[in-house]
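Results of the structural survey
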Amino acid sequence: MDMQEALDRLNSLLPLAASQHRLAAPLRELHRKILLGFAGRGRPLSREEMAEHLGDIPVDTALQQLATDDLVVLSPDGSEVTGAYPFTMDERVHTVLINGQLLHAMCALDALSVGPMFNAATTVNSRCHVSDAPVEVRMQGGAVVSASPEQPWLGIRWQGTSGCAARSLCLDMVFLRDSKTAEGWQRQDRDNISILDLPSAVGMGTAFFCPLLEGGG
């Protein structure tokens, strides 16, 4: 599977840009503000901050719509945002340093997408899903500045999202330390596992996530 095929398959399972585009303008802008809050301040907006952007729309109504469309993940009581792809407040193996904020990313693809999404310098740290070896990728926007190991790969075990990709598909979008490791992991389930080299993974993440911030205020 090449990058475009993988992108198309991901969009069919988790159509973030299409879902955002269908929202009423205040909700669409709220989603963008939530993403910008993560990147700029290391956290989502508070309920009070959300209310400032929503006017007459109740905060709970807005949150439920965003969660129904799988644009955000909510706390168990549904009152607060705990994640908005590519970010999560939950502890994950993938971290991204951006604007002095150390954040957790939902998955390996999400981690690689933060730099191009916000046109920012980022440092991604994670571990190889198979060997547990550390993986570090430094980026400037969509350009890879350095990587250790030199050529880590992205692996995806495709599956349905059951309404929340953060708790399903994202858990099997992982880093693999090199091509040999990636090919070995893919052999376990060729029908459902795709692997991409680092440039293809960055390209896929850029195409998937950057539309979410286009046209914002």
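The preceding data block contains the structure.
Now for a description of the structure that goes with this document. (Residues numbered from 1 in each chain as written. Predicted model: local features only at pLDDT ≥ 70, side-chain atom pairs only at ≥ 80, totals over all residues. Heavy atoms only, no water.)

Their axes nearest at 8 Å, the elements helix 6 (residues 108-118) and helix 8 (residues 198-209) cross at an angle of 65 degrees. Between helix 6 and helix 8, the angle falls in the class roughly perpendicular. Crossing of helix 6 against helix 8: the hand is right-handed. On helix 8, the residues touching Leu 109, Asp 110, Leu 112, Ser 113, Pro 116 and Met 117 of helix 6 are Leu 198, Ala 201, Val 202, Met 204, Gly 205, Thr 206 and Phe 209. Residue composition of the contact of helix 6 with helix 8, by class: nine nonpolar, three polar and one charged. (Axes fitted to C-alpha atoms, helices over the stretch in contact; angles between N-to-C directions. Helix = DSSP H or I, 4+ residues; strand = E, 2+ residues; numbered from the N terminus. Parallel < 35°, antiparallel > 145°, perpendicular 65-115°, else oblique. Left-handed = near helix turned anticlockwise from the far one by under 90°. Contact = heavy atoms within 4.5 Å. Nonpolar A, V, L, I, M, F, W, Y, C, P; charged D, E, K, R; others polar.)

Grouped together as the largest cluster of nonpolar side chains are 63 residues, with contacts concentrated most on Leu 10, Ile 34, Tyr 85, Phe 118 and Met 204. In terms of residue count, the dominant contributor to this core is helix 6 (seven residues). Leu 176, Ala 182, Trp 185 and Ile 195 belong to the second-largest nonpolar core, a separate cluster that totals six residues. (Core = buried A, V, L, I, M, F, W, Y, C linked by side-chain atoms within 4.5 Å. Buried < 20%, exposed > 50% of the residue type's maximum accessible area, 1.4 Å probe, protein only.)

This part is about unusual backbone geometry. Peptide bonds are mostly trans, and most non-glycine residues show a negative phi. Tyr 85 connects to Pro 86 through a cis peptide bond whose omega is 20 degrees. Tracing the chain through its elements places Pro 86 in the loop between strand 2 (81-84) and strand 3 (87-88). Following Ser 148, the chain continues into Pro 149 via a peptide bond in cis, with omega recorded as -5 degrees. Mapped onto the fold, Pro 149 is located in the loop between strand 8 (143-148) and strand 9 (153-157). Positive phi outside glycine occurs at Asp 70, with the angle close to 55 degrees. Of note in the backbone geometry, Ser 162 takes a positive phi value of approximately 50 degrees without being a glycine. Tracing the chain through its elements places Ser 162 in the loop between strand 9 and strand 10 (173-176).

Keep in mind these numbers describe shape, not what the thing actually does.
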